[in-house]
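So the chains spell out like this:
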Amino acid sequence: MSNDLTIWTLDWVPEGPRGFVRDLRLRWACEEAGLAYTVRTVPFEGRETNHLSRQPFGQVPYLDDGELKMFESGAGLLHLARKSENLMPRDPAGEAETLQWIIAALNSVEMVTVPWWFLGLSGVKDNGLDGWVQSRLDHLETVLSEREWLAADRFTAADLLTADILRIPKVRSYGDRPATERYVARMTDRPSFRKAHFDQLAHFAAADAQRSVAG
Ligand SMILES: N[C@@H](CCC(=O)N[C@@H](CS)C(=O)NCC(=O)O)C(=O)O
C-alpha cells in the first residue's frame, strides 16, 4: 500500500464546529501512526451538492491513499489502523477488541449522542433521548472506571474515536462521570491530538484571513 495520504475537509467552517470537524480523527490517527499526510479542501459553500461523487452525503472527511478513495471517518480510521500497529495491535485478540470498540463508538455511542446534541441545538427541551444518552454514558463510565484503555491494554484507534465522540462539550458536561472525564482529559492531552487540533484550528483561521482579503 502506498503512503500517499490526503485528508479532505472543508475550506472553512463557522466558529462553532472548529476543533470538532471529523477530519481531526484522521489527522490525529496519522499523527499517532507517524504517517505523512496532506490536507486538501472542498468549499463550504455548495457542500451539499459539490462533492457528492466523493462523499455521497455532501460531508467531510474523506480520504485518499494513492488511488484508493474512501469516505466516512470510521472507514478512514480503520484503513489507517491497518497501516499502523500504533493504532491497532496485530494479535487477533487485540485487533478484535479494537474493532469491537470502534464499532461500539460509532454505532452505540455516537449513534445516540449526535441526534441528542443536534435536537438540543434546535432548542427542543426534552427530546426523548436523554435517558438513552445517559444510559450509554453511564455504562461507559463503568468500563472506564475499571481500565485505562478500551482495548488491548494500550492506546488504540478505539480510544481515539471514543474520546473524539465524548469530548463534544455538551456530552462532556452532561452529568458527573469522573472516570470518563479523566479518560477524555488523558486522550486529548496526547501530543498527537494536540497537534491535530492545533492544525485544524490554524487551517480555519487561515481561511478567515483569506476570506477577509478576498472580501
Ligand atoms: N458519519 C460521517 C459524518 C460526517 C459529518 O458529520 N461531517 C460533518 C463535519 S464533522 C460535515 O461534513 N458537515 C457538513 C454538512 O453536513 O453539511 C463520518 O463520520 O464521516
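Analysis parameters
- Residues numbered from 1 in each chain as written.
- Predicted model: local features only at pLDDT ≥ 70, side-chain atom pairs only at ≥ 80, totals over all residues.
- Heavy atoms only, no water.
- Domains from an automatic or database assignment.
- Contact = heavy atoms within 4.5 Å.
- Buried area = accessible area lost by both parts, 1.4 Å probe.
- Salt bridge = Lys/Arg side-chain N within 4 Å of Asp/Glu carboxyl O.
- Nonpolar A, V, L, I, M, F, W, Y, C, P; charged D, E, K, R; others polar.
- Phe/Tyr/Trp six-rings, centres within 6.5 Å; stacked < 30°, edge-to-face > 60°.
- Helix = DSSP H or I, 4+ residues; strand = E, 2+ residues; numbered from the N terminus.
- Buried < 20%, exposed > 50% of the residue type's maximum accessible area, 1.4 Å probe, protein only.
- Pairing = 2+ DSSP bridges.
- Right-handed = clockwise from strand over helix to strand, strands pointing away.
- Axes fitted to C-alpha atoms, helices over the stretch in contact; angles between N-to-C directions.
- Parallel < 35°, antiparallel > 145°, perpendicular 65-115°, else oblique.
- Left-handed = near helix turned anticlockwise from the far one by under 90°.
- Core = buried A, V, L, I, M, F, W, Y, C linked by side-chain atoms within 4.5 Å.

- The chain is annotated in an unreviewed UniProt entry as Glutathione S-transferase family protein of Novosphingobium anseongense.

**Overview of the domain arrangement of the chain**
Thought 1: Looking at the chain, the domain boundaries give domain 1 (5-86 + 192-214) and domain 2 (92-190).
Thought 2: Listed by partner, the interface residues are 18 residues for domain 1 and 20 residues for domain 2.
Thought 3: Carbon and sulfur atoms supply 61% of the area that domain 1 and domain 2 bury against each other, a total of about 1,700 Å² over both sides.
Thought 4: In this structure, the connection of domain 1 to domain 2 is made through five salt bridges.
Thought 5: Residues Arg190 and Glu32 are paired through a salt bridge, measuring 2.8 Å at the closest nitrogen-oxygen approach.
Thought 6: Here the side of domain 1 that touches domain 2 is composed, by residue class, of eight nonpolar, five polar and five charged.

**What to know about the packing of aromatic side chains**
Thought 1: The tally for this structure, following the rule as stated, stands at eight aromatic pairs.
Thought 2: Ring geometry for Trp8 and Tyr62: centres 5.6 Å apart, planes at 15°, overall stacked. Of the two residues, Trp8 is situated in strand S1 (residues 5-10) and Tyr62 in strand S3 (residues 62-65); the sequence distance between them amounts to 54 residues.
Thought 3: Under the relative-accessibility criterion, Tyr62 is labelled buried at 2%.
Thought 4: Plain terms: the ring middles of Phe57 and Phe71 are 6.4 Å apart, the flat faces sit at 75° to each other, and that makes the pair edge-to-face. Of the two residues, Phe57 sits in the loop between helix H2 (47-50) and S3 while Phe71 sits in strand S4 (residues 68-71), which places them 14 residues apart along the sequence.
Thought 5: When its relative accessible area of 31% is taken as the criterion, Phe71 is described as partly exposed.

**Remarks on the pairing of S1**
Thought 1: Burial of S1 is extensive: six of the six residues sit out of reach of the surface.
Thought 2: The pairing of S1 with strand S2 (residues 37-42) spans six bridges and is parallel. Within S2, the position partnered with Leu10 by the bridge is Val42.
Thought 3: Crossover connection from S1 via helix H1 (residues 23-33) to parallel S2: handedness right-handed.
Thought 4: Sheet analysis places S1 next to S3, joined by four bridges and oriented antiparallel. Paired with Thr6 across the bridge in S3 is Asp64.

**Remarks on the packing of helix H5 (residues 130-146) against helix H8 (residues 178-188)**
How two helices pack is summed up by the angle between their axes together with the distance between the axes.
Thought 1: Direction vectors running N to C along H5 and H8 enclose 70°, while the axes themselves pass 7 Å from each other. One element, H5, and the other, H8, form an angle in the roughly perpendicular class. Relative to H8, the crossing made by H5 is left-handed. Contacts between H5 and H8 involve Glu141, Leu144 and Ser145 from the first element and Pro178, Ala179, Thr180 and Tyr183 from the second.

**A word on the nonpolar core**
Soluble globular proteins: nonpolar side chains tend toward being buried together.
Thought 1: Ranked by internal contacts, the top residues of the largest apolar core, which has 47 residues, are Trp28, Leu80, Leu87, Trp101, Leu166 and Tyr183.
Thought 2: The set of elements that each furnish at least two residues to this core consists of S1, H1, helix H3 (73-83), helix H4 (92-121), H5, helix H6 (157-166), H8 and helix H9 (191-214).
Thought 3: Not counting the four nearest positions on each side in its chain, Tyr183 is found in contact with Leu144, Glu148, Leu150, Ala158, Asp159, Thr162, Ala163 and Leu166.
Thought 4: Among the nonpolar cores identified, the runner-up in size contains 11 residues, and Val13, Val42, Phe44 and Phe204 belong to it.

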